[in-house]
Amino acid sequence: MRVNQELIDRDRRGFIQSVVTGSVGGSLMLMIPMSSSLGKELSSSSSEAKVNPINLDANYCFMVDVTGCIGCGNCCVADRKENNVPEGQYRTWVERYVIDIYNTVYVDAPDGGEKGYSEPRTDIEATIKEAFFVPKLCNMCEDPSCVQGCPISATFTTPDGFVIVDSDHCVACGYCVMACPYGVRFINEETKVADKCTWCYHRVRKGKLPACVQACPTGARKFGDLNDLESEVSKIYRSAERLEVLKPELGNEPTLYYINSREEVV
Amino acid sequence: MHWLDDYVKRLLIVLVVGGVVSVVAIALLQPSSWGEYGNYRGDALKDEAAKPLVYGDNASCVECHGEINELARGDVHKNISCEMCHTPVSEHVRDGKKIKDALVVGVKEQNSLCLKCHSKMMGRGEKFPMVDAKLHLEELEVRPTSSCNRCHTVHAPMENINYVKKLRELREKRRALKEERLLEESELRKLELEKAKDSDES
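Residues numbered from 1 in each chain as written. Chains lettered and ligands numbered in written order. Predicted model: local features only at pLDDT ≥ 70, side-chain atom pairs only at ≥ 80, totals over all residues. Heavy atoms only, no water.

Caption draft 1: Inspection of the overall build of chain A at higher detail. The helix and strand inventory of chain A stands at eight helices and 11 strands. Summing over all exposed atoms, chain A offers an accessible surface of approximately 13,300 Å²; the carbon and sulfur share of this is 53%. (Helix = DSSP H or I, 4+ residues; strand = E, 2+ residues; numbered from the N terminus. Areas by Shrake-Rupley, 256 points an atom, 1.4 Å probe, with all protein chains shown as cover.)

Caption draft 2: Summary view of the packing of aromatic side chains. Scanning the entire structure with this criterion turns up 11 aromatic pairs over all chains. An angle of 5 degrees between the planes, with centres 3.7 Å apart, marks the rings of Phe156(A) and Tyr40(B) as stacked. With Phe156(A) in strand β5 (residues 155–157) and Tyr40(B) in the loop between α1 (6–29) and α2 (42–50), the pair connects residues from two separate chains. The exposure classification of Phe156(A) matches that of Tyr40(B), with both residues buried. (Phe/Tyr/Trp six-rings, centres within 6.5 Å; stacked < 30°, edge-to-face > 60°. Buried < 20%, exposed > 50% of the residue type's maximum accessible area, 1.4 Å probe, protein only.)

Caption draft 3: Fine view of the pattern of salt bridges. Throughout the structure, instances matching the rule amount to 21 salt bridges over all chains. Taking the shortest distance from any N to any O, the salt bridge between Asp108(A) and Arg96(A) comes out at 3.1 Å. Linking Asp108(A) in strand β3 (residues 105–108) with Arg96(A) in strand β2 (residues 93–100), this pair joins segments that are 12 residues apart in sequence. With its nearest N and O atoms 3.6 Å apart, the salt bridge here joins Arg41(B) to Asp168(A). On the criterion of chain membership, the pair formed by Arg41(B) in the loop between α1 and α2 and Asp168(A) in the loop between β6 (163–165) and α5 (175–179) is interchain, its members lying in two chains. Of the residues examined, Arg41(B) reaches a relative accessible area of 12% and is grouped as buried. Ionic contacts of the salt-bridge type, sharing partners, join the residues Arg96(A), Asp108(A), Arg121(A) and Asp123(A) into one network. (Salt bridge = Lys/Arg side-chain N within 4 Å of Asp/Glu carboxyl O.)

Caption draft 4: View of the side chain of Ser33(B). Residues and elements named next belong to chain B. Looking at the secondary structure, you find Ser33 in the loop between α1 and α2. When its relative accessible area of 6% is taken as the criterion, Ser33 is described as buried. A polar atom in the side chain of Ser33 sits 3.0 Å from the backbone nitrogen of Asp43. (Polar contact = N/O pair within 3.5 Å; in protein donor to acceptor, adjacent residues only side chain to side chain.)

Caption draft 5: Summary view of a nonpolar patch on the surface. Residues Val16(B), Val20(B), Val24(B), Leu28(B) and Leu29(B) make up a contiguous nonpolar surface patch of about 520 Å² in total accessible area. If you trace the backbone, Val16(B) turns up in helix α1. (Patch = residues over 30% accessible without salt bridge, like charges linked within 9 Å, V, L, I, M, F, W, Y side chains within 5 Å.)

Caption draft 6: Seen up close, the sheet that holds β2(A). All names here are of chain A. What the three strands build is an open sheet, ordered β3-β2-β4; its pairing is antiparallel. Only two strands of the sheet have a single neighbouring strand rather than two, namely β3 and β4 (128–136). Put simply, the sheet's adjacent strands are angled 20 degrees from each other on average, direction ignored. Here β2 pairs with β4 via eight bridges, running antiparallel. Residue pairing for β4: Val94 is matched across the bridge by Pro135. (Pairing = 2+ DSSP bridges. Axes fitted to C-alpha atoms, helices over the stretch in contact; angles between N-to-C directions.)

Caption draft 7: Fine view of the interface of chain B and chain A. Residue-level contacts link 37 residues of chain B with 51 residues of chain A. Both sides together, the interface formed by chain B and chain A hides about 3,500 Å², and carbon and sulfur atoms give 60% of it. Where chain B touches chain A, the interface holds three salt bridges. For Asp57(B), the salt bridge is made with Lys208(A), and the minimal N-O distance between the two is 3.7 Å. (Contact = heavy atoms within 4.5 Å. Buried area = accessible area lost by both parts, 1.4 Å probe.)

Caption draft 8: Highlighting the pairing of β2(A). Residues and elements named next belong to chain A. In terms of burial, β2 is a largely internal element, eight of the eight residues being buried. What you see with β2 is no split at all: Trp93, Glu95, Tyr97 and Ile99 on one side and Val94, Arg96, Val98 and Asp100 on the other are buried throughout. Where β2 meets β3, four bridges bridge the pair, whose relative direction is antiparallel. Residue Ile99 lies in a different strand from β3, and its bridge partner there is Val105. As consecutive antiparallel partners, β2 and β3 are separated by four residues, and within that stretch Asn103 has a phi angle of approximately 65 degrees, a positive value.

Dropping the structure here:
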């Protein structure tokens, strides 16, 4: 994620502007008698979490610890509610990998793993050697093919490095859905435009963790700023832990890292 | 041949009119915030950032349920999200007031709630505490329909159990001490008896 002086300047200008208008607004309020309904509106908006300015100093990354995931499905439940994802569609899901003694790999994700994996797989005849769960979500590539594929710039990388969709501008041509090598994009059945995991951009800008990270009981999902040397992700990043990305050969440069991953994971 | 032939003029007119039309079209049709941050609609970024929160975090419950929060912080479930077992904070509280009851899982469904995370199965790391519910309850000699909540309180599952364990340890220690003392006393008495015998003989 590159830091662009021009962008910093522009952001600063925006900030000063909002300070000025805010203070002007404030002093006007003192002089004009306020109706009670206006007062209520103000108090309700102040109790909601504030949107922070774009943090251009941050280098956000997401880490998934494959051995930490217990397949409970809490992340998928939280994600659906937080982002209003229609039933049957998934911004994030959890895959179950099962390997038998002949090293055949079986992968499934009934209901996207949302209901948890309380039932073992019964359709495999050979003895099962091992199993593990792999949460999947947007890889937030530094060189995203979905953005390149969009003909009208309705999907883009924000200055702080998140790939998001402009749902008012999108014409649902579906090119990005085809361009994404990780299959995280879909055409939302309700809004009828492209939709994807945003690492809960709206939560991050309000100083909160993504909903799935917040919901994960074991800390298998981690989110943070690599430039913050105190953050868990930056400590892991600088440790001897082996980090892997999915499909590195495609050159998309994901910023979603897998810890303790396996060669079977694609 | 004159350089301003009709066909050249026509071409020039077409170019000029086309240019003006496209400039006007861009001015009228392009969203005003286009290019604010990059080659996209700047307002889209602001809209995305302004989307309302559904979930808060565990800190959002502290204000009104401080005692439960404190109970949970001190035990094994300290990292589990309150909202995942109950209700997202935005559906329960608004403007500092309760607007709707939070979901409380009844006693009958509690076991399946716990077992969603704790049932023993392949794929869960060995470090994670898992139980086979049937075996667990059999070993403890309780009815197979017993609620987990009977022994493990939901918010602090090991608190009671650790307490009972500690009590047991203390009791054992006391018993051991008592036995030691008894032993010492009996040995003392033996010594005294021997002494008395010695003095008798002499």
